[in-house]
Amino acid sequence: KAGVTQTPRYLIKTRGQQVTLSCSPISGHRSVSWYQQTPGQGLQFLFEYFSETQRNKGNFPGRFSGRQFSNSRSEMNVSTLELGDSALYLCASSPAAGSYNEQFFGPGTRLTVL
Amino acid sequence: DQQVKQNSPSLSVQEGRISILNCDYTNSMFDYFLWYKKYPAEGPTFLISISSIKDKNEDGRFTVFLNKSAKHLSLHIVPSQPGDSAVYFCAASAASNYQLIWGAGTKLIIKP
């Protein structure tokens, strides 16, 4: 089975721009979660989607949004980029909803905001 | 306010000895705890978990201990091997809120 894939792997943007990151979960997995990781910080939960519905949302501003398609692929969008948005964005999939389930992570998208 | 804390940013252990990674939490509602391992340029991979109804869970060389009264858990790796060198994250969850709350990670270095 192919693992979780994320595209692009690296991205450089400037302040004020917007960005869209993509995540393809493991085949058969219907839950996709997004996390932000900054240096010295643990993973910060952004949101979780299950069957195209957002189940849960972390404490991030409305500039961060996401969606999930019928094939379980998910996209995350960040509008009006700020320098502090520079981070590694990780996507994780699992067969069922809820963080009690083991999550399978992609390699991440490294976003740099200049 | 960090609800999950891993106070040691790094830990160096001799190959073959025991590695003990610690994690403290503040939220008494947490009832499920997980450990993930992360290699550079890769996403985290699940290692082991424990429910709050248990105080110990074992999987091969990995054992997680939970002390609910102290709000403390630890991951023991015995014996430590060079491939164990990675960043280890502790994460916690509550039934009332399915968000995983993560610690900042501990970088484990296994010396030959």
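To start, this report covers the structure provided alongside it. (Residues numbered from 1 in each chain as written. Chains lettered and ligands numbered in written order. Predicted model: local features only at pLDDT ≥ 70, side-chain atom pairs only at ≥ 80, totals over all residues. Heavy atoms only, no water.)

### Topic: the overall build of chain A
Looking only at helices and strands, chain A features 0 helices and 11 strands. In chain A, the succession of α and β elements from N to C terminus is β-β-β-β-β-β-β-β-β-β-β. Radius of gyration (C-alpha) of chain A: 13 Å, near the 13 Å computed for a compact globule of 114 residues. Projected onto its principal axes, the C-alpha coordinates of chain A cover approximately 35 × 30 × 25 Å. Looking at chain A residue by residue over its 114 residues, the buried ones come to 49%. Intrachain contacts of chain A at a sequence separation of at least 6 include 55% that bridge at least 24 residues. Per element, the accessible surface of chain A, about 5,200 Å² overall, is 48% carbon and sulfur. Between the centroid of the 11 positive side chains of chain A and the centroid of its 6 negative side chains there is a distance of 4 Å. (Helix = DSSP H or I, 4+ residues; strand = E, 2+ residues; numbered from the N terminus. Rg over C-alpha atoms; globule rule 2.2 N^0.38 Å. Buried < 20%, exposed > 50% of the residue type's maximum accessible area, 1.4 Å probe, protein only. Contact = heavy atoms within 4.5 Å. Areas by Shrake-Rupley, 256 points an atom, 1.4 Å probe, with all protein chains shown as cover. Lys, Arg positive; Asp, Glu negative; His and termini not counted. Charge placed at Lys NZ, Arg CZ, Asp CG, Glu CD.)

### Observations concerning the packing of aromatic side chains
All names here are of chain A. Per the counting criterion, the structure on display carries 12 aromatic pairs over all chains. Ring plane angle 40 degrees and centroid distance 5.6 Å describe the contact between Tyr 35 and Phe 105, whose orientation is recorded as tilted. Of this pair, Tyr 35 sits in strand β4 (residues 31–37) while Phe 105 sits in strand β10 (residues 104–105); the two residues are 70 residues apart in sequence, bridging distant segments of the chain. A relative accessible area of 0% means that Tyr 35 is categorised as buried. (Phe/Tyr/Trp six-rings, centres within 6.5 Å; stacked < 30°, edge-to-face > 60°.)

### Remarks on the environment of B:Leu66
Structurally, B:Leu66 can be placed in strand β7 (residues 62–67). Ignoring sequence-local partners within four residues, the contact set of B:Leu66 consists of B:Tyr25, B:Phe33, B:Ile50, B:Ser51, B:Ser52, B:Lys54, B:Asp55, B:His72 and B:Leu73.

### Quick look at the interface of chain B and chain A
Contact residues are listed per partner, giving 21 residues for chain B and 23 residues for chain A. Note on chain B versus chain A: buried area summed over both sides is about 1,700 Å², and carbon and sulfur give 56% of it. Ranking the residues of chain B by area buried against chain A places B:Tyr98, B:Gln99 and B:Trp102 at the top, with a combined share of 33%. At the junction of chain B and chain A, the tally comes to 0 salt bridges. Between chain B and chain A we count 3 residue pairs in polar contact (both at pLDDT 80 or more) in total. Here the side of chain B that touches chain A is built from residues that sort into 13 nonpolar, 5 polar and 3 charged. (Buried area = accessible area lost by both parts, 1.4 Å probe. Salt bridge = Lys/Arg side-chain N within 4 Å of Asp/Glu carboxyl O. Polar contact = N/O pair within 3.5 Å; in protein donor to acceptor, adjacent residues only side chain to side chain. Nonpolar A, V, L, I, M, F, W, Y, C, P; charged D, E, K, R; others polar.)

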